[in-house]
Amino acid sequence: MADGSIEITAQANDFGAEIAGVDLADDIHDDVLAALRTAVIRHKVLIFHDQHLDDASHFAFAERFGPLEGHINRSTRIDALPKLQAFGNVGEDGQPTGVHPEKGTLVWHTDKSYIATPSLFTILRSPSVARDGGHTVFADMTRAYEELEPAQAVRLDGLRAVHDWKRSREKSDERPATADEIANAPPVDHPLVRTHPERNDRAIYIGNHASHILDLELAEGEALLAELERHATQDKFLYRHRWRENDVLMWDNRCTMHCVTDYDAAVERRVVHRAVVQGDRPY
Ligand code: OGA
Ligand code: MN
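Residues numbered from 1 in each chain as written. Chains lettered and ligands numbered in written order. Predicted model: local features only at pLDDT ≥ 70, side-chain atom pairs only at ≥ 80, totals over all residues. Heavy atoms only, no water.

Undergrad: Is there a simple way to explain the coordination of the manganese ion (ligand 2) in this structure?
TA: Four donors placed tetrahedrally about a metal ideally form angles of 109.5 degrees, and six donors placed octahedrally ideally form angles of 90 or 180 degrees. Protein coordination at the manganese ion (ligand 2) comes from H109 (NE2), D111 (OD) and H258 (NE2), with a distance range of 2.1 Å. In primary-sequence terms, the residues that donate to the manganese ion (ligand 2) follow H-x1-D-x146-H. Here the residue H109 occupies a position in the loop between β6 (81-88) and β7 (121-128), and H258 occupies one in strand β16 (residues 256-260), the gap between them amounting to 149 residues. (Donors = N, O, S within 2.8 Å, 3.2 Å for Na, K, Ca; no water. Helix = DSSP H or I, 4+ residues; strand = E, 2+ residues; numbered from the N terminus.)

Undergrad: What's the story with the packing of aromatic side chains in this structure? I'm lost.
TA: The geometry of an aromatic ring pair comes down to the distance between the two centres and the angle between the two planes. Within this structure, the stated rule accounts for six aromatic pairs. Considering the side-chain rings of F65 and F121, the 5.9 Å spacing of their centres and the 80° angle between planes classify their relative orientation as edge-to-face. Separated by 56 residues along the polypeptide, F65 in the loop between α2 (55-63) and β5 (77-78) and F121 in strand β7 bring together distant segments of the chain. Each member of the pair, F65 as well as F121, is classed as buried. Between Y114 and W165, the aromatic rings sit 4.9 Å apart at their centres with planes inclined by 50°, giving tilted as the arrangement. Note that Y114 is positioned in the loop between β6 and β7 and W165 in helix α5 (residues 165-171), a separation of 51 residues in sequence. No difference in accessibility class separates Y114 from W165, as the two residues are buried. Clustering of aromatic rings is evident, with ring pairs tying together F48, F61, F65 and F121. (Phe/Tyr/Trp six-rings, centres within 6.5 Å; stacked < 30°, edge-to-face > 60°. Buried < 20%, exposed > 50% of the residue type's maximum accessible area, 1.4 Å probe, protein only.)

Undergrad: Where do I start with the sheet that holds strand β10 (residues 188-191) in this structure?
TA: In space, the three strands of this open sheet follow the order β10-β9-β13, with antiparallel pairing throughout. Looking along the sheet, the strands with just one partner apiece sit at the ends: β10 and β13 (210-213). Across the sheet, the axes of successive neighbouring strands diverge by a mean angle of 35°, strand direction being ignored. Relative to β10, strand β9 (residues 160-163) runs antiparallel, the two being bridged by four bridges. (Pairing = 2+ DSSP bridges. Axes fitted to C-alpha atoms, helices over the stretch in contact; angles between N-to-C directions.)

Undergrad: Mind showing me how you'd approach the nonpolar core here?
TA: Within soluble globular proteins, side chains that are nonpolar tend to cluster in buried spots. Residues I19, F48, F61, F65 and M250 are the most contacted members of the largest nonpolar core, which totals 31 residues. Every element with two or more residues in this core is listed here: β2 (6-10), β3 (17-20), α1 (30-43), β4 (45-48), α2, β7 and β15 (248-252). Examining the composition of this core, we find that seven residues originate from one element, α1, more than from any other. Leave out the neighbours within four places in its chain, and M250 touches V40, K44, V45, L46, F48, F61, F65, F121, T122 and I123. (Core = buried A, V, L, I, M, F, W, Y, C linked by side-chain atoms within 4.5 Å. Contact = heavy atoms within 4.5 Å.)

Undergrad: What is the right way to read the side chain of H209 from this model?
TA: Tracing the backbone through its elements, the reader meets H209 in the loop between β12 (202-204) and β13. Look past the residues within four positions of H209 in its chain and what remains in contact with it is H109, T110, K112, S113, Y114, V162, H163, D164 and S168.

Such coordinate-based values are descriptive only and should not be taken to indicate function.
In structure tokens, the structure reads:
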């Protein structure tokens, strides 16, 4: 399908779309930008190949969609452009460090759900691509909601999940949150099912930052979160991205979860740079 000057090729179930006919390093026309915005809202994940972004052009493209936000983990911020983050396992000597940065990315999550106004879009490129593993997998949380058993959907109505940076670091066995991070990101609660303000449909809103459910026993809430995650990550709801060099991904965090698949961090070299567009309060 052609949309303005861009070519959109939808993936299975309309979840994810490859976009051709645009050079993200260019000064993109407003009409093309609007078409990209429409496409990301419809398909939830956009895949661009053969892009040649550096940090400055990555930043400039991302900023067209709204103000960007820096990452709470200051050590990942890129000095020259602190609103961009870099995560990678390549040391200063160019060799793999053996450690995957941010283990929380290896488990299902949606970006920055631990703040009151979680991320809208994330725009990610991978200057160094693992040859084996290290894929990024996405789950379609709108469809996952729509395919709940009706009684389960009713049960979720009105429930709110607590999202907590400190707790999610513990769960993914990461360096503990610092006092500064905890002060910057106290626990917040969000609806377990959120309404997409532009699609006007509903999506399950969970992921690793969700620790428990308000007003439910801790264990019951944890069990419900685990059950919803199992449901939402069935193959039929997934798009698996196998990175090629010069790919760029852009996704809508309001109706997706994602995670990175395993790779050998002692052998592969995997680096991603990302920009995150600020979002609104979920409802
Ligand atoms: C992220 C993230 C996925 C990846 O940047 O938010 O989860 O593929 N990264 O590294
Ligand atoms: Mn993420």
